[in-house]
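Inside the fold
So the chains spell out like this:
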Amino acid sequence: MRFLSGIQPSGTPHLGNYFGAILQHVETSRSLGPDDSAFFFIADYHALTTTQDPEKLRALVTDVAATYVALGLDVDKALLFRQSDVPEVCELAWLLSTVTGMGLLERATSYKDKVSKGLASSVGLFTYPILMAADIVAYDSDVVPVGQDQQQHVEMTHDMVVHFNATYHAEALKRPEWKLSPTPRVCGTDSVSSKMSKSYNNTISIFADGKDLKKQVNAIVTDSRPPEVAKDPLSLAVFQLLALFLSVDERADWEQRLRQGGVGYGDLKKEIMTRMDARFGEARARRQHLVTTAQGQEELEIVLQRGGRAARRVAATTLARCYRAVGMDNAARRLGGAPA
Ligand code: AMP
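The sections below set out a description of the structure shown in this document. Keep in mind the model is a prediction, meaning the values are calculated, not measured.

This brings us to the overall build of the chain. If you tally the helices and strands in the chain, you get 14 helices and 5 strands. A compact globule built from 340 residues would reach a C-alpha radius of gyration of about 20 Å, and the chain, at 21 Å, matches this within 12%. Seen through its C-alpha atoms, the chain measures out along the principal axes to roughly 75 × 45 × 40 Å. Counting over 340 residues, the chain shows a buried share of 52%. By sequence separation, contacts in the chain at least 24 residues apart represent 74% of the contacts at least 6 residues apart. Accessible surface for the chain amounts to roughly 15600 Å². Of this, 51% is attributable to carbon and sulfur atoms. Counting 39 positive and 40 negative side-chain charges, the chain places the averaged centre of each group 2 Å from the other.

This is the structure we're talking about:
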């Protein structure tokens, strides 16, 4: 079984990324069997659709890599790499774009969401699902562990694969399946119905601490009802966010206390901070070392380059197969693929 997933370096990784994706990626990397492999990439090409500040992009790529390593991704078993270290995905995206109807992309809810929230609608943002499909198929992935917001993109990949293979009467590309985490949609700090997202400014960073953590947690929107008033836990963003850290029994206990009355929003916020310190404290220190020391940065660079080289070999083989399917044997030869 081959697993593939990516994360954009377009902002500091947040609790939505962690509970929706990263936690699952780390666990997957640690439980890979002898016939399994896992590819995790930092989607820097994708990030250009929202981040156009070179210094910021550099820092965020390092941040995402450090986040994965600090949280315990097993980099001896799984590959961690930068998307741009595998330029073959851009060529593959072009091939896929020639068999993808405009209608398919127009149905992408993530594009519509982003534009409705005021993001400039570049061509890159619109064709994002094609590049994402190229990322997925380049490595012959079987399973794509993602949050709910990305599920539709994996389904679109399915469609593109079917079209490509049918157009060229070849089984050139493999169809992947998505896999949701147990918490596939983490709400934002603004409301229980919003999605936590770097684009919407409603995040809590995984590694925030001290005053910064307090500021982010205090920004969770609540109302003016006093502690003694009974509340429906499911309607509260502050409870939904705390619940991410609770066991089943703990959750039932907090829910009951909220329904009875007697729990204030301040109590919930304080508990979130305590849980975050407990869960991320050690990883926070590891991340700090990786990001701020020359030794740490070198360590990350070694991991990323090793991952990039291995991923590129696989992507080149897939791309050569596609070039042969479409009749561009010269391009396949350039990649080292055998002529048709
Ligand atoms: P992105 O930062 O958009 O590249 O997302 C990286 C991964 O985090 C993807 O698998 C997303 O599905 C997941 N993710 C992002 N935001 C959330 C959220 N609010 N809840 C659950 N998963 C999320």
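Back to the write-up after that little detour.
The next thing to look at is empty space enclosed by the protein. Inspection of every chain in the model, using the stated rule, returns 1 cavity of 30 Å³ or more. Taken together, Ala108, Ser110, Tyr111, Lys114, Leu125, Tyr128, Pro129 and His153 make up the lining of the largest cavity. Sorting the residues of the lining of the largest cavity by element identifies α6 (109–116) and α7 (123–138) as the ones contributing at least two each.

At their nearest, the axes of helix α3 (residues 54–70) and helix α12 (residues 265–292) sit 9 Å apart, and the two run at 140° to each other. In this view, α3 runs oblique relative to α12, as classed from their interaxial angle. Considering only the axes of α3 and α12, their crossing is right-handed. Contacts between α3 and α12 involve Thr62, Asp63, Ala66, Val69 and Ala70 from the former and Ala283, Arg286, Arg287, Leu290 and Val291 from the latter. For the contact of α3 with α12, the class distribution of residues is 6 nonpolar, 1 polar and 3 charged.

Rules and cut-offs
Residues numbered from 1 in each chain as written. Predicted model: local features only at pLDDT ≥ 70, side-chain atom pairs only at ≥ 80, totals over all residues. Heavy atoms only, no water. Helix = DSSP H or I, 4+ residues; strand = E, 2+ residues; numbered from the N terminus. Rg over C-alpha atoms; globule rule 2.2 N^0.38 Å. Buried < 20%, exposed > 50% of the residue type's maximum accessible area, 1.4 Å probe, protein only. Contact = heavy atoms within 4.5 Å. Areas by Shrake-Rupley, 256 points an atom, 1.4 Å probe, with all protein chains shown as cover. Lys, Arg positive; Asp, Glu negative; His and termini not counted. Charge placed at Lys NZ, Arg CZ, Asp CG, Glu CD. 1 Å grid on protein atoms, 1.4 Å probe; cavity = no way out; pocket = protein on both sides within 12 Å on 5 of 7 lines; lining within 4 Å. Points joined across faces, edges and corners; volume = space filled by probe spheres on them. Axes fitted to C-alpha atoms, helices over the stretch in contact; angles between N-to-C directions. Parallel < 35°, antiparallel > 145°, perpendicular 65-115°, else oblique. Left-handed = near helix turned anticlockwise from the far one by under 90°. Nonpolar A, V, L, I, M, F, W, Y, C, P; charged D, E, K, R; others polar.

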